[in-house]
Amino acid sequence: MESYYCKTHKGQVSMTEFAMVSVILISLLLVSIEFWNFGNMKLKENIDRETIESTVISVSDQMIKSGGMPEDWYKNTNTTVSIGLVDYDRNLNRDKIKKFVNMSYDEARNYLGISNYNFYFKVSSLESSVKYQTGKNISNPNIVVNSRRAAVLDNEIVHVDVTLWQ
Amino acid sequence: MRGLFFSIDALFGVIIAIILITAFSVIMLQAGENRTSGLFLSKIADDALVSLDKNDTLDTLDSSKINTTLAKILPKNSGYILDVSVFQCNSSECLTFSKVVPQSFTISVAPSTEKNPVIAKRVFLTFNSNNLVDHFNKAELKVWLR
C-alpha cells in the first residue's frame, strides 16, 4: 500500500515539476527574445546616430577647413566638385557663403554629399545675431545632430552651425 | 547521486543565466556609449584656439579679453583651462628661450568639474611695432563638459 501511494505521488511530482520547468523556460525564452530585440533596436539607433554624427563632423570640417574644389567654385558652379567656404583654414569667404546659401536645397545637399539627410546651416555672431542661413527648419525628426564650430569672417569670430536630421 | 545530479543541473542553469545576463548587459552598455562626443569637443577646442589666433585676439595677451571671447565660443556647459606661456630669446642668435613669467597667464573656469578633458595646442608669435618678432608663445586649452 505504501509503495503504491509513493508511486502515485512520484508521478504527480514529475508532472508538476515538468509544468513548472516548462513555464520557467518559456518565460526565460520570452524575456530573452524581448531583451534581444531591445538590444538590437538600441544598437541600430546607436549606429544610425554615430553615422549621422560622423557625417556632420566631416561636413562642418569640409565647410570651415576647405576652400572647395576648384577653389573658385563659387564663380562657376558648372565645374564645382565639392563645396568649401573658406579661403584658407577657418577664414571664411563671404562670396562663397553667399553662393552656398543661394543654392537650391537639393543642389546644396548633393554638393555636400548628404542626400540621405535634411540639413540646416547658419552663420551667426558670437552674440547670436544670424548673418547667413539656409536649409530646412527641423520638423518631425527621428535623429537630430548639430555641430557648432567657430571660424573667422572678416576678422570677426563667428559660429558656424550645421544641423543634420532624418 | 540524485541530489548531486540536481545540484549540477541547477549549477548549469545558473551559469547559463549569468552568461546570458552578462552578454545582454555588455550589448546594452555598448549601445548606450557615445564615442563621438570627445571628437566633437576636440574639434571645438581646436576651432577656438585657431579662431582666437586668426582674429588676433590671442596676440593681445590680454587674459580678460581672451577669456570673454573664449566663453562665448565654447559651449555654456563646458569648463576649461587656458594656459598661455610667453617665451623670449636669450640671445640674438635665438638658440635658447626663457619664459617671460609676468606676461604668461592661466585662465580657469570651473576647474573643480574637470572630467575627461580634451586638449588643443597652438604656437603663435607676437610682433613689436617694427614688425619684428617680439615673443614666441604657446597656448594650451583644456576643455571638458561639466
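Read on for an overview of the structure. Nothing here was measured: the structure is a model prediction, and the numbers come from that model.

Rules used in this analysis
Residues numbered from 1 in each chain as written. Chains lettered and ligands numbered in written order. Predicted model: local features only at pLDDT ≥ 70, side-chain atom pairs only at ≥ 80, totals over all residues. Heavy atoms only, no water. Salt bridge = Lys/Arg side-chain N within 4 Å of Asp/Glu carboxyl O. Helix = DSSP H or I, 4+ residues; strand = E, 2+ residues; numbered from the N terminus. Buried < 20%, exposed > 50% of the residue type's maximum accessible area, 1.4 Å probe, protein only. Contact = heavy atoms within 4.5 Å. Buried area = accessible area lost by both parts, 1.4 Å probe. Polar contact = N/O pair within 3.5 Å; in protein donor to acceptor, adjacent residues only side chain to side chain. Nonpolar A, V, L, I, M, F, W, Y, C, P; charged D, E, K, R; others polar. Phe/Tyr/Trp six-rings, centres within 6.5 Å; stacked < 30°, edge-to-face > 60°.

1. Some points on the pattern of salt bridges
And step 1. All told, the structure shown has 18 salt bridges over all chains when counted by the stated rule.
And step 2. For Glu71(A), the salt bridge is made with Lys96(A), and the minimal N-O distance between the two is 3.7 Å. With Glu71(A) in the loop between strand 1 (68-69) and strand 2 (82-83) and Lys96(A) in helix 2 (residues 94-101), this pair connects stretches of sequence that are 25 residues apart.
And step 3. Exposure remark for Glu71(A): the relative accessible area of 48% places this residue in the partly exposed category.
And step 4. In this structure, Asp47(B) and Arg149(A) form a salt bridge, with 2.4 Å as the shortest nitrogen-oxygen distance.

2. Topic: the interface of chain A and chain B
And step 1. Each side of the interface is counted separately: chain A has 33 residues, and chain B has 24 residues.
And step 2. Of the roughly 2500 Å² buried where chain A meets chain B, counting both sides, 60% is carbon and sulfur surface.
And step 3. The interface formed by chain A and chain B holds five salt bridges in total.
And step 4. Here chain A and chain B share 10 residue pairs in polar contact (both at pLDDT 80 or more) between them.
And step 5. No other element matches helix 1 (residues 2-65) of chain A, which puts 16 residues into the side of chain A that touches chain B.
And step 6. Classifying every residue of the side of chain A that touches chain B by side-chain character gives 14 nonpolar, eight polar and 11 charged.

3. Concerning the packing of aromatic side chains
To describe a pair of aromatic rings, you give the distance between the ring centres and the angle between the ring planes.
Residue and element names in this part refer to chain A.
And step 1. Here the structure, examined in full by the defined rule, presents five aromatic pairs over all chains.
And step 2. Between Phe100 and Phe121, the aromatic rings sit 5.0 Å apart at their centres with planes inclined by 90°, giving edge-to-face as the arrangement. Of the two residues, Phe100 sits in helix 2 while Phe121 sits in strand 5 (residues 118-125), which places them 21 residues apart along the sequence. Note on accessibility: Phe100 and Phe121 belong to one class, buried.
And step 3. Considering the side-chain rings of Tyr105 and Phe119, the 5.1 Å spacing of their centres and the 5° angle between planes classify their relative orientation as stacked. A residue pair is termed long-range when its members are at least 10 positions apart, and Tyr105 in helix 3 (residues 105-112) and Phe119 in strand 5 qualify at 14 residues.

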